[in-house]
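# Structure at a glance
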Amino acid sequence: MGAGKGLESKIEVRGLAKSYTGPGGSLVVFQDLGFTVKAGEFLCLLGPSGCGKSTCLNILGNVDEPTEGEVLINGRPLVRGVRSARTGFVFQAPRLIPWKSVGRNVQFSLESDATLPREAWAQQVQRVIELVGLKGFEHAFPNQLSGGMQTRAAIARALAIEPEILLMDEPFSNLDEITARRLRGELLGIWEKTGLTVVFVTHDLFEAVYLADRVVLLTSRPMRLYSEEIVDVPRPRSYSDDRLFEAQRRILQSFERLVEA
Ligand SMILES: Nc1ncnc2c1ncn2[C@@H]1O[C@H](COP(=O)(O)OP(=O)(O)O)[C@@H](O)[C@H]1O
Ligand SMILES: [Mg+2]
């Protein structure tokens, strides 16, 4: 992999640092963080809770600012408040607007996006709702949906703007394993169809191995990049594929060295 230059790397994180200053002094979340994500790659950021994964993802999504360093998207630095590459964000909680229907929630992301003309909204909303398997629930309200369906709606909302980059923050961690498996499979299907670049945050090692082309292993706070592991298992992947367990074992050994260090 290595630090690619130019268009070959979709996202390039360089010397990224984030700290918070509060009454109790300064909290260093991470320092000198660097990694790249290639165009079309599925990258998982794996680290313990509280290490700074969400903070990092928010910076990639341009909704938070680093204390130091920069993020290049398609070779150009992110500028606060300026839209760069089309980026969809799926948060850990679905964060749907409770008084809007599923369709209106999805449309909401189009309303704040100037590229698609109003006449095309309805069709686009329908397309992504079908893509995530929510056909028939366009008029349902969030509190009428199961957790898995709410997550589907949040994914549809992120996909509506036809993003080049999809940032996902532990989107399946509150779901039961059966539903999570189904949604992971569907996500991979969408990813393969669209050629999206995905950065997926998780603290679940097996989820990371199942989904990713490459796993970036992060330490507890102050977070740093501990290692990068390529998951060289052919797709479509099966949960019972021994090669996934093999990859998991390799990463666990890396983790053990990290815990003992
Ligand atoms: N706005 C904030 N002000 C102060 N500290 C924060 C803020 N946001 C996050 N933190 C702290 O930064 C650390 C990393 O948080 P976060 O990125 O949410 O971790 P993760 O997503 O890996 O669980 C935590 O210790 C958290 O308390
Ligand atoms: Mg988090």
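Structure first, text after, so check above.
All of the points below concern the structure found in this document. (Residues numbered from 1 in each chain as written. Chains lettered and ligands numbered in written order. Predicted model: local features only at pLDDT ≥ 70, side-chain atom pairs only at ≥ 80, totals over all residues. Heavy atoms only, no water.)

## Remarks on the site of ligand 1
The environment of ligand 1 is formed by Tyr-20, Leu-27, Val-29, Pro-48, Ser-49, Gly-50, Cys-51, Gly-52, Lys-53, Ser-54, Thr-55 and Arg-221. Gly-50 is positioned such that a nitrogen or oxygen atom in its backbone is 2.6 Å from an oxygen atom of ligand 1. Relative to its unbound accessible area of 570 Å², ligand 1 is 60% covered by the protein chains. Of all the secondary structure elements, the ones that give two or more residues to the shell around ligand 1 are strand S2 (25–38) and helix H1 (53–60). (Near = heavy atom within 4 Å. Polar contact = N/O pair within 3.5 Å; in protein donor to acceptor, adjacent residues only side chain to side chain. Areas by Shrake-Rupley, 256 points an atom, 1.4 Å probe, with all protein chains shown as cover. Helix = DSSP H or I, 4+ residues; strand = E, 2+ residues; numbered from the N terminus.)

## Considering H1
Most of H1 is tucked away, with six of its eight residues classed as buried. Those residues of H1 not exposed but buried are Lys-53, Thr-55, Cys-56, Leu-57, Ile-59 and Leu-60. Trailing H1 by a residue or two, Asn-62 shows a phi angle of about 65 degrees, which is positive. (Buried < 20%, exposed > 50% of the residue type's maximum accessible area, 1.4 Å probe, protein only.)

## Section: the packing of helix H2 (residues 102–111) against helix H3 (residues 121–131)
Where H2 contacts H3, the axes come no closer than 9 Å and their chain directions differ by 120 degrees. Relative to H3, H2 is oriented oblique. Crossing geometry of H2 relative to H3 is assigned as right-handed. Contact with H2, carried on its side by Val-102, Gly-103, Val-106, Gln-107, Leu-110 and Glu-111, involves Trp-121, Gln-124, Val-125, Val-128 and Ile-129 of H3 and no other residues of that element. In terms of residue class, the contact of H2 with H3 is made up of seven nonpolar, three polar and one charged. (Axes fitted to C-alpha atoms, helices over the stretch in contact; angles between N-to-C directions. Parallel < 35°, antiparallel > 145°, perpendicular 65-115°, else oblique. Left-handed = near helix turned anticlockwise from the far one by under 90°. Contact = heavy atoms within 4.5 Å. Nonpolar A, V, L, I, M, F, W, Y, C, P; charged D, E, K, R; others polar.)

## Description of H2
Of all the 10 residues making up H2, seven are buried; the element is thus mostly covered by neighbouring parts of the structure. Looking at the buried residues of H2, the elements they touch are H3 and helix H4 (147–159).

## Details of the pattern of salt bridges
By the definition in use, this model includes 20 salt bridges. Close ionic contact of Arg-86 with Asp-113 constitutes a salt bridge, the shortest N to O distance being 3.2 Å. A residue pair is termed long-range when its members are at least 10 positions apart, and Arg-86 in the loop between strand S5 (76–77) and strand S6 (87–90) and Asp-113 in the loop between H2 and H3 qualify at 27 residues. The exposure class assigned to Asp-113 is buried, which follows from its relative accessible area of 4%. When the shortest N-O distance is used, the salt bridge between Asp-213 and Arg-235 registers 2.8 Å. With Asp-213 in the loop between helix H6 (205–211) and strand S9 (214–218) and Arg-235 in the loop between strand S10 (225–230) and helix H7 (242–260), this pair connects stretches of sequence that are 22 residues apart. The network of salt bridges with common partners includes Glu-177, Arg-181, Arg-184 and Glu-207. (Salt bridge = Lys/Arg side-chain N within 4 Å of Asp/Glu carboxyl O.)

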